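# Tertiary structure, described
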Amino acid sequence: MMLIKLAWHSLGSRLGTVLLTIMMMSVSVLVLLSVENIRHQAKESFQQSVSDVDLIVGPRTGQINLLLYSIFHIGVPTHNLSWDSYQMLQQQPEVDWTIPLSLGDSHQGYRVVGSEQQLFEHFRYRADHSLEFASGNAFSETYDAVVGAEVAATLGYQTGNAIVLAHGIADTSFSRHDNHPFQISGILKPTGTPIDRSVFISLTGLEAMHADFPGANTAPDLTPQSVTAVLVGLKSKIKTFSLQREINTYSAEALQAILPGVALSSLWSMLSGVEQTLWVISLLVLLGALIGMVNVLLLSMRERRHELAVLRALGYHPSFLFALLQLEAILITASSIIVALLALSAGDMWLREWLLSQFGLFLADSLLQAGTWRLVGGIMLAAILSALLPAVNAYRQGLGTQLR
């Protein structure tokens with residue numbers, strides 16, 4: 001108790017310098033904890049972009065390519081999956097539900113996805129979150145459209161607004177379907193997934209848009225000829241591998257079935273370079289702060305020679321001085337960590353909705369994960385090791401040297 005009280009008063013006597021050191025350490029710890037939490041949350045959001053989908057089926061291509069355009073709506077599929085093959089998938093006894101996806105059009109830079117009502121009934125993200133509407137409802141008419149939260153916010157759309165879609169990714173005048181405008185029937189709530197950046201229409205609406213006839217409800221045959229990919233949910237997870245093998249060896253058409261979780265993990269591993277770079281930068285920032293703390297402690301040794309000499313004259317062992325310097329470093333670091341955690345919690349509370357809407361980054365309710373506590377423990381250990389130099393210096397100084 002005496003040691004703690006003495007260390008506290010010693011730091012209080014150098015309050016200005018100590019506060020600057022705590023501020024510098026707090027910023028470094030905040031950067032490190034923020035990067036770690038954002039890295040963890042980004043990975044979680046990335047890997048939970050789609051949930052409860054057992055297989056993704058599409059034309060034979062690489063699994064990363066199939067994942068990119070079916071889930072993230074990135075890239076252009078080289079070819080499609082025939083409607084006959086889609087019906088074959090629906091008729092499989094192991095299949096509980098299917099969600100067809102058809103890409104190829106856009107609206108002011110946002111991808112247009114043709115699908116069916118099953119999308120709003122069965123699609124899940126972040127474990128068991130279903131798609132919810134901020135306003136309106138799912139498409140029910142041929143020329144109805146549902147827009148994601150980011151599309152509505154960026155373009156200022158509301159339900160009932162008319163929009164014109166364009167063929168292909170580029171929204172140029174010669175590719176716009178001006179004769180077939182769509183009406184927004186619903187706007188989805190933010191999800192933190194590519195859903196927010198998409199426009200959804202029905203497969204019949206997609207066919208009608210590309211047909212050469214006027215009007216919305218006088219179409220001849222709007223049965224799709226093909227789809228880009230299919231999300232498949234099974235009645236039993238046990239059947240996943242057997243159905244995957246059956247689809248991959250389907251003789252009527254070259255198809256490929258992939259496991260979403262495996263493909264997402266493979267894609268994330270390809271992005272690990274960016275993750276490691278951020279981690280190294282954060283560690284360098286923390287290292288600079290630790291060096292600054294050691295420098296403060298070393299400089300204070302000159303000012304405190306008489307203070308330490310008095311302690312020695314009172315009969316305190318050199319190990320007491322060693323422990324005093326270590327305790328001061330621990331108190332500075334602990335204060336910095338507390339300030340950083342408070343700032344991180346405040347930032348989470350104020351920036352949660354903004355991060356979700358602007359960057360699609362969903363933050364968990366608790367930022368203090370097991371990894372965060374391990375990181376805090378590592379920071380404390382690094383501070384103790386860094387303080388060894390001034391602590392050993394205090395231990396080795398003789399009484400005569402200190403009284404000069």
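Residues numbered from 1 in each chain as written. Predicted model: local features only at pLDDT ≥ 70, side-chain atom pairs only at ≥ 80, totals over all residues. Heavy atoms only, no water.

Under the annotation held in an unreviewed UniProt entry, the chain carries the name ABC-type antimicrobial peptide transport system, permease component and is attributed to Methylophaga thiooxydans. Check the Subcellular location (unreviewed entry) section of the UniProt entry for the chain; it says "Cell membrane". (UniProt positions renumbered as here; feature names shortened; annotations may be inferred.)

## Some points on the overall build of the chain
Across its full length, the chain holds 15 helices and 15 strands. When each of the 404 residues of the chain is scored for burial, the buried share is 49%. Within the chain, contacts between residues separated by at least 24 positions form 78% of all contacts whose residues are at least 6 apart in sequence. When the accessible area of the chain is evaluated, it comes to approximately 19400 Å², of which 61% is carbon and sulfur surface. (Helix = DSSP H or I, 4+ residues; strand = E, 2+ residues; numbered from the N terminus. Buried < 20%, exposed > 50% of the residue type's maximum accessible area, 1.4 Å probe, protein only. Contact = heavy atoms within 4.5 Å. Areas by Shrake-Rupley, 256 points an atom, 1.4 Å probe, with all protein chains shown as cover.)

## Quick word on the packing of aromatic side chains
Under the definition given, this model contains 4 aromatic pairs. Between W83 and Y86 the ring centres are 4.8 Å apart and the planes differ by 45°, which places this aromatic pair in the tilted class. Of this pair, W83 and Y86 both sit in helix α4 (residues 83-90), 3 residues apart, which is roughly one turn of the helix. Using a relative accessible area of 17% as the deciding quantity, one classes W83 as buried. Each member of the aromatic cluster is reached from another via a ring pair, and the members are F120, F133 and F139. (Phe/Tyr/Trp six-rings, centres within 6.5 Å; stacked < 30°, edge-to-face > 60°.)

## Brief notes about the UniProt feature "transmembrane region" (unreviewed entry) in the chain
Under the UniProt annotation, "transmembrane region" (unreviewed entry) lies at residues 15-35, 254-271, 277-299, 320-344 and 375-395. The span residues 254-271 is 61% helix and 22% strand, and its two end C-alpha atoms sit 29 Å from each other. Along residues 320-344 one finds 100% helix and 0% strand; the C-alpha atoms at either end are 36 Å apart.

## Description of unusual backbone geometry
In the Ramachandran plot, H73 falls in the positive-phi region, its phi being about 55° despite a non-glycine side chain. Here H73 lies in the loop between α3 (63-71) and β2 (81-82). Here Q108, not a glycine, exhibits a phi torsion of approximately 50°, which is positive. A relative accessible area of 41% means that Q108 is categorised as partly exposed.

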